[in-house]
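# Residue-level structure breakdown
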Amino acid sequence: MNIFNLTFPLTVDFSGGKYWINGEGPYLCGEATTAFLAGEIRCEPTGNTSQLTQELETVLKTFGNHLSPFSQKQKTTDDLYQQLEQSAAACSVNYAFLPLQGSVILAERYTFPTLRDFLYVELGRAILHGNAPRQCRLCGGWFLHKQGDRAIYCERIAPRETEKTCREMGARMVFEKKIQDEDTWKLYKRAYKKYYARYMKGNMSEAAFKAWGEQAAADRDAAIEQLRATTDAALSASIIQQLKEKLNQL
Ligand SMILES: [Zn+2]
């Protein structure tokens, strides 16, 4: 049995942030919940998946919000704090020696009656160890964020791409945004030098130079905001072109 095909009741051996199912593994805590949220788990008997999805998201929001799981900002909720008793997982626990490739470890052996009980504990342990499901900032799909990794994009093929993954596209987008920010600042500095020289030579009044400076800074910041909000290359180019014209229209 593996985490994509589960039959209940299910016996799971936990040790720290890892676990084994019938000697198969190790799986990292959070892997099963991530697979479930991504719709990749089949389980017998099947329960109410949409209700369970909602419940796991509440657990994640309540206890794991510091791991920034959601692509869209979600308010933290105290729903779960108010009904902690109902949220308890049912399971029995004993201890067992687990033989693993020549060595033996002491494991906590849990037996879970339902998928909900297993995932509640699996997700809770994941959060305790700093792992948690995270939504890709590009495609919205769930992937496992491992303790200390800073990935915000998954490794699936990105939307409208045939080979490039979200992670590769994301890295390129960050890079392109940085270049665009730099271009915007370059345009602003170049225009500033031009009008400052004009003012120093007495060809522009102090009041006019000051007014230009205020407007230019506002136009620059507005352009940066607009650039951050789009991934469209043609629109980005036209925002930069418009800024250039605005900065130099005097
Ligand atoms: Zn993705």
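Residues numbered from 1 in each chain as written. Predicted model: local features only at pLDDT ≥ 70, side-chain atom pairs only at ≥ 80, totals over all residues.

## A short note on the domain arrangement of the protein
Note the cut-off: The start and end points of each domain follow an automatic or database-based domain assignment.
Looking at the assigned domains, one finds that the protein contains domain 1 (5–145) and domain 2 (166–247). Each of domain 1 and domain 2 was reduced to a C-alpha centroid, and the two centroids are 47 Å apart.

## Focus on the sheet that holds strand S6 (residues 92–100)
Strands in a sheet are paired, the pairing made by backbone hydrogen bonds, and the direction either parallel or antiparallel. Quick reminder of the rule: Strands pair, by our definition, only if DSSP identifies at least two bridges between them. A run of DSSP states H or I qualifies as a helix once it reaches four residues; a run of E qualifies as a strand once it reaches two. Both are numbered from the N-terminal end. Axes here refer to lines fitted to C-alpha atoms; in helices the fit is confined to the stretch in contact. Angles between the N-to-C directions go from 0 to 180 degrees.
The five strands lie next to each other as S4-S3-S2-S7-S6, forming an open sheet whose pairing is antiparallel. Whereas interior strands pair on both sides, the edge strands pair on one side only; in this sheet they are strand S4 (24–28) and S6. Across the sheet, the mean angle separating the axes of adjacent strands is 35 degrees when strand polarity is ignored. Of the pairings in the sheet, the one linking strand S3 (residues 18–21) to S4 comprises three bridges and is antiparallel in character. Looking at S4, one finds that Ile21 is bridged to Glu24.

## Thoughts on the nonpolar core
The condition that has to hold: Buried Ala, Val, Leu, Ile, Met, Phe, Trp, Tyr and Cys residues whose C-beta atoms connect them within 7 Å together make up a nonpolar core. Buried, partly exposed and exposed are defined by the number of other C-beta atoms within 10 Å of a residue's own C-beta, namely 20 or more, between the two limits, and 12 or fewer respectively, with C-beta atoms placed from the backbone. Residue pairs qualify as contacts under a 7 Å threshold applied to their C-beta atoms, which are placed from the backbone.
Counting residues in hydrophobic clusters, the biggest one holds 36 residues, and the most contacted among them are Val12, Phe118, Leu119, Cys136 and Cys166. Those elements giving two or more residues to this core turn out to be strand S2 (10–15), helix H1 (31–37), strand S7 (103–112), helix H4 (115–128) and strand S9 (142–145). Residue contributions to this core peak at eight residues, all from H4. When residues no more than four places from it in sequence are discounted, the contact partners of Cys166 are Cys136, Leu138, Cys139, Tyr153, Cys154, Glu155, Arg156 and Ala158.

## Some thoughts on the environment of Leu56
Secondary-structure assignment places Leu56 in helix H2 (residues 49–63). Non-local contacts of Leu56, meaning those with residues more than four positions away in its chain, are made with Thr33, Leu37, Leu119 and Leu123.

## Observations regarding the pairing of S3
Where S2 meets S3, four bridges bridge the pair, whose relative direction is antiparallel. The residue bridging Asp13 from the neighbouring strand is Trp20, located in S3. With antiparallel pairing between neighbouring strands as the criterion, S2 and S3 make up a hairpin whose turn holds two residues, including Gly16 at a positive phi of roughly 60 degrees. Between the end of S3 and the start of S4, which pair antiparallel, lie two residues, with Asn22 showing a positive phi angle near 50 degrees.

## Re helix H7 (residues 233–247)
Residues that lie three or four places apart on an α-helix share one face, since the helix turns once every 3.6 residues. What counts here: To estimate how far a helix should extend, the number of its residues minus one is multiplied by 1.5 Å.
Taking 1.5 Å per residue, 15 residues should reach 21 Å; H7 reaches 21 Å between its end C-alpha atoms and fits that length. Close packing links the buried residues of H7 with helix H5 (166–200) and helix H6 (206–228).

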